[in-house]
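# Structural characterization, general
Listed below are the residues making up each chain.
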Amino acid sequence: MCENQLCDYVTNRRGVPLFHQFASGDESRPLVIFCNPLLEEALFCRNHLTGWFRHLANKNYNVLIFDYQGSGNSGGEHPVPANRMLEDLIDLASRYWRKHHAGQQLFLIGIRFGFNIALKATELLHADKLIGVEPIIDLDRYRTALFRTNLIAQLSTSGKIVTDRKQLMAELEAGKRISLSGHEIDLEFIRSLDDFDLRNVTGMETGRVKIFLRAGGKISFGKKRKNPLRKSGFACTSIEMEPFWAETKYYSPAHSILYCQADRFLDP
Amino acid sequence: MSHTVRIREKVLSVAYRAQYMRAIETTGPEPEKPGDAPIVIFLPAGLKYSVGPGRLFVRYARKLALNGFICYRFDPLGIGISDGSLEAGPVHKAWNFIEKGGFVEELTFFIHHVRKKYPERKVVICGLCGGAITAILLAHRYPELVDGVISINIEPFFSTALSRTTGDKTITHINSVMKNYTAKIFSGTAWRRLFSLQSDVRGILRIGMLFLTQNRKRKKRGLQEFKNLNHPLATAFSGMQQDGTEHLMLFSEHSRCWHDFQETFFTHLMDSKTTAPFQEIRVIDQANHELQFEEWRMKAFDYIEKWLQRNFST
């Protein structure tokens, strides 16, 4: 149980209520903000992130976790483009950080695409530290995986692909929405992902960023010269953890190795 | 988007065993009007918290709230926005915990809390898959607390480490898989996948064997012959009807749950009838387990809305 926890709605600049949980810790301690992944990954993540949230709150950090507009328990019917998620992140950070905890450090933790968003926010907010968990380094592969959820739904029901990737893209371009695991997304959403390509990362102070990759996962560090993680110079560590942003065969609500390593980076 | 302006959502925290269970309360423009439409409580779908797969229940709650319903998306301890955590272990063990009624007592406590707040309103619980099981088990254990249940894709069997023990594969499931294999018989890609061992060859052979050798024998099976059937669920399922609790069952045509249900509860407990006193079955054509496409979601909502109007309109 986490004492001093506020669990409520706050209205963003577009007038949409955003669901958020805030644990107020020691005033001298930094503010940590979690940045969720997108679509169904955010749903799989929730039980785990609530656990990590409590773990940090119990260490007296000030911790904030929120749902993007059109995601989780927040207002809005459909997922919004990623740049609006970034706007909301900056807006919330300003409210909880500068106003109430002026002079304190700001840490961000981004899971999957949440890291891509948090990285931009780090530049804009001059955040002190950033942790990424299995970030999206290959946007094309990520988009392919997103579209695959639609194709699998078609296959499982019709036994064949009725609308292939090109046709799905054409539907988006015609102004329609398509379903990705039940989330109805539009062209603006898909296009907005490009603005968060890690290949465009420049000028980051590398010591401020730590990335955790899943040992044996799809992302490898250092094998390819073009790998943006290699180019970025960010510290990357492979650790044993379940891919808690997806359906797993083993349910693990707390990822002690991840928490422990993250603790060491945040508070050496 | 326009309707969200008229929707109000707030967090309800309920203390339970020194922790907080939380739910999102969704209300429309006039929630306090007495004697109105019932309270609808949405449950997590297995380990996916109460927003539902693809935020299904967020949409349903908001739509119902516009018509005067008070809706809750409830997370038991260890799920979603609530405190606590479930035990670590193989995921099917976590599912088994739910299938055995692991969330029933927490939900019961929550319903008591809500009933005190709105004593004049009836209570309907809605769940998908694991949520549907929780709803049925609770409705039979505490019939005085629940006036109706909406179950989406009830799974009659306990989850296992494998997709299913061979002995429990139902004939409708085998036929359905065989139909899919047959559809691919002229597909070069499918044959290439098979010969390059990319396909689940053992699974295909097993289904083929079951189809060829045991088809006739399997048709005669009674409920007791299924090794892994959730018998407490079967008892609660029948008991709900005797208790007089209204029950709408929604199934997706392509969910394995529908195949399993047909050969078990539907045949043995419902005499293969889609409507009976207090019971109604609706099947959503083409839909998959989590109702991922918009037309399936809207079709399901249409059934829910009409059923609520028929049975709970004031």
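Residues numbered from 1 in each chain as written. Chains lettered and ligands numbered in written order. Predicted model: local features only at pLDDT ≥ 70, side-chain atom pairs only at ≥ 80, totals over all residues. Heavy atoms only, no water.

## Comments concerning the overall build of chain B
Each helix and strand counted, chain B has 11 helices and 10 strands in total. In terms of C-alpha radius of gyration, chain B reaches 21 Å, essentially the compact-globule figure of 20 Å for 314 residues. Counting every position in chain B, which comprises 314 residues, the buried fraction comes to 58%. Expressed as a percentage of contacts within chain B between residues at least 6 apart in sequence, the contacts between residues at least 24 apart total 76%. For chain B, the accessible surface area stands at approximately 13500 Å², while carbon and sulfur atoms represent 54% of it. (Helix = DSSP H or I, 4+ residues; strand = E, 2+ residues; numbered from the N terminus. Rg over C-alpha atoms; globule rule 2.2 N^0.38 Å. Buried < 20%, exposed > 50% of the residue type's maximum accessible area, 1.4 Å probe, protein only. Contact = heavy atoms within 4.5 Å. Areas by Shrake-Rupley, 256 points an atom, 1.4 Å probe, with all protein chains shown as cover.)

## A look at the nonpolar core
Residues and elements named next belong to chain A. Grouped together as the largest cluster of nonpolar side chains are 53 residues, with contacts concentrated most on Ile 33, Leu 38, Phe 113 and Ile 117. Take this core: its biggest share by element is 8 residues, from helix α2 (residues 82-99). The residues touching Phe 113, leaving out its near neighbours within four places in the chain, are Pro 37, Leu 38, Ala 82, Ile 136, Leu 139, Tyr 142, Leu 193 and Phe 196. (Core = buried A, V, L, I, M, F, W, Y, C linked by side-chain atoms within 4.5 Å.)

## Examining the pairing of strand β4 (residues 62-66) of chain A
Residue and element names in this part refer to chain A. Extensive coverage of β4 is indicated by the burial of 5 of its 5 residues. On β4, burial covers both faces: Asn 62, Leu 64 and Phe 66 on one face and Val 63 and Ile 65 on the other are all buried. Bridging between strand β2 (residues 17-23) and β4 involves 4 bridges; their strand directions are antiparallel. Considered in β4, the bridge of His 20 is made with Phe 66. With 4 bridges joining them, strand β3 (residues 31-35) and β4 adopt parallel strand pairing. Note that in β4 the partner of Ile 33 across the bridge is Leu 64. Crossover β3 to β4 through helix α1 (residues 39-57) is right-handed. (Pairing = 2+ DSSP bridges. Right-handed = clockwise from strand over helix to strand, strands pointing away.)

## Concerning the environment of Arg148(A)
Residue and element names in this part refer to chain A. Secondary-structure assignment places Arg 148 in helix α4 (residues 139-158). Given the relative accessible area of 38%, Arg 148 is considered partly exposed. C-alpha of Arg 148 to C-alpha of Asp 8: the two residues are 140 residues apart in sequence and 35 Å apart in space.

## Quick look at the interface of chain A and chain B
Between chain A and chain B, the contact holds 45 residues from the first and 49 residues from the second. Both sides together, the interface formed by chain A and chain B hides about 3700 Å², and carbon and sulfur atoms give 53% of it. At the junction of chain A with chain B, the criterion picks out 2 salt bridges. A salt bridge links Glu77(A) to Arg59(B); the shortest N-O distance between them is 3.0 Å. Counting across the chain A and chain B interface gives 21 residue pairs in polar contact (both at pLDDT 80 or more). (Buried area = accessible area lost by both parts, 1.4 Å probe. Salt bridge = Lys/Arg side-chain N within 4 Å of Asp/Glu carboxyl O. Polar contact = N/O pair within 3.5 Å; in protein donor to acceptor, adjacent residues only side chain to side chain.)

## Thoughts on the state of the cysteines
Tallied over the entire structure, the rule returns 0 disulfides over all chains. The closest cysteine sulfur to the non-disulfide-bonded Cys260(A) is located on Cys236(A), 18 Å from its own sulfur. Free of any disulfide, Cys257(B) has its nearest neighbouring cysteine sulfur in Cys129(B), separated by 4.8 Å. (Disulfide = S-S within 2.5 Å.)

## Re the pattern of salt bridges
Tallying each qualifying case throughout the model produces 29 salt bridges over all chains. In this structure, the salt-bridge partner of Lys48(B) is Glu40(A), at a minimum N-O distance of 2.7 Å. Of this pair, Lys48(B) sits in the loop between β3 (39-42) and α1 (56-66) while Glu40(A) sits in helix α1, each in a different chain. We note that Lys48(B), like Glu40(A), is buried. The partner of Arg46(A) in a salt bridge is Asp67(A), and the shortest N-O contact between them spans 3.7 Å. Of this pair, Arg46(A) sits in helix α1 while Asp67(A) sits in the loop between β4 and α2, and the two are 21 residues apart along the sequence.

## Brief notes about helix α11 (residues 294-312) of chain B
Here α11(B) is 19 residues long and its end C-alpha atoms lie 26 Å apart, about the 27 Å a rise of 1.5 Å per residue gives. Within α11(B), burial applies to Trp296(B), Arg297(B), Ala300(B), Phe301(B), Tyr303(B), Ile304(B), Trp307(B), Leu308(B) and Phe312(B). Taken around the axis of α11(B), the buried residues stretch over an arc of 160°, which confines them to a single face. The inward-facing, buried residues of α11(B) abut α4 of chain A together with α1, β6 (123-128), β7 (148-152), β8 (246-252) and β10 (279-284) of chain B. (Expected span 1.5 Å × (residues − 1). Arc of directions from axis to C-beta.)

## What to know about a nonpolar patch on the surface
On the surface, a cluster of nonpolar side chains totalling about 540 Å² of accessible area is made up of Ile185(B), Phe186(B), Trp191(B) and Phe195(B). Tracing the backbone through its elements, the reader meets Phe186(B) in the loop between α5 (171-183) and α6 (188-195). (Patch = residues over 30% accessible without salt bridge, like charges linked within 9 Å, V, L, I, M, F, W, Y side chains within 5 Å.)

## Observations regarding the sheet that holds strand β9 (residues 209-214) of chain A
All names here are of chain A. Taken in spatial order, the 8 strands line up as β1-β2-β4-β3-β5-β6-β9-β10 in an open sheet, and their pairing is mixed. Edge positions in the open sheet fall to β1 (5-11) and β10 (235-239), since each of these has one partner strand only. When the angles between neighbouring strand axes are averaged without regard to direction, this sheet yields 20°. Strand contacts of helix α3 (residues 113-125): β3, β5 (106-111), β6 (129-133) and β9, with the helix running at about 155° to β5, the strand carrying the most contacts. In the packing of helix α8 (residues 256-266) onto the sheet, the strands contacted are β5, β6, β9 and β10, and the crossing angle to β6 comes to about 160°. (Axes fitted to C-alpha atoms, helices over the stretch in contact; angles between N-to-C directions.)

## Structural notes on the side chain of Glu9(B)
Along the chain, Glu9(B) turns up in strand β1 (residues 8-16). Polar contacts involving the side chain of Glu9(B) include one to the side chain of Thr26(B), which spans 2.9 Å. Only 2.8 Å separates the side chain of Glu9(B) from the side chain of Arg62(B), close enough to count as a polar contact. Look past the residues within four positions of Glu9(B) in its chain and what remains in contact with it is Tyr9(A), Asn73(A), Ile24(B), Glu25(B), Thr26(B), Arg62(B) and Arg73(B).

## Section: the packing of α1(A) against α8(A)
All names here are of chain A. Running from N to C, α1 and α8 cross one another at 45°; their axes reach a closest spacing of 12 Å. Judged by the angle between their axes, α1 and α8 are oblique. As for how α1 packs across α8, the hand of that crossing is right-handed. Counted together, His 48, Gly 51, Trp 52, His 55 and Leu 56 of α1 and Leu 258, Tyr 259, Ala 262, Asp 263 and Leu 266 of α8 form the full contact between these two elements. Residue composition of the contact of α1 with α8, grouped by class: 6 nonpolar, 3 polar and 1 charged. (Parallel < 35°, antiparallel > 145°, perpendicular 65-115°, else oblique. Left-handed = near helix turned anticlockwise from the far one by under 90°. Nonpolar A, V, L, I, M, F, W, Y, C, P; charged D, E, K, R; others polar.)

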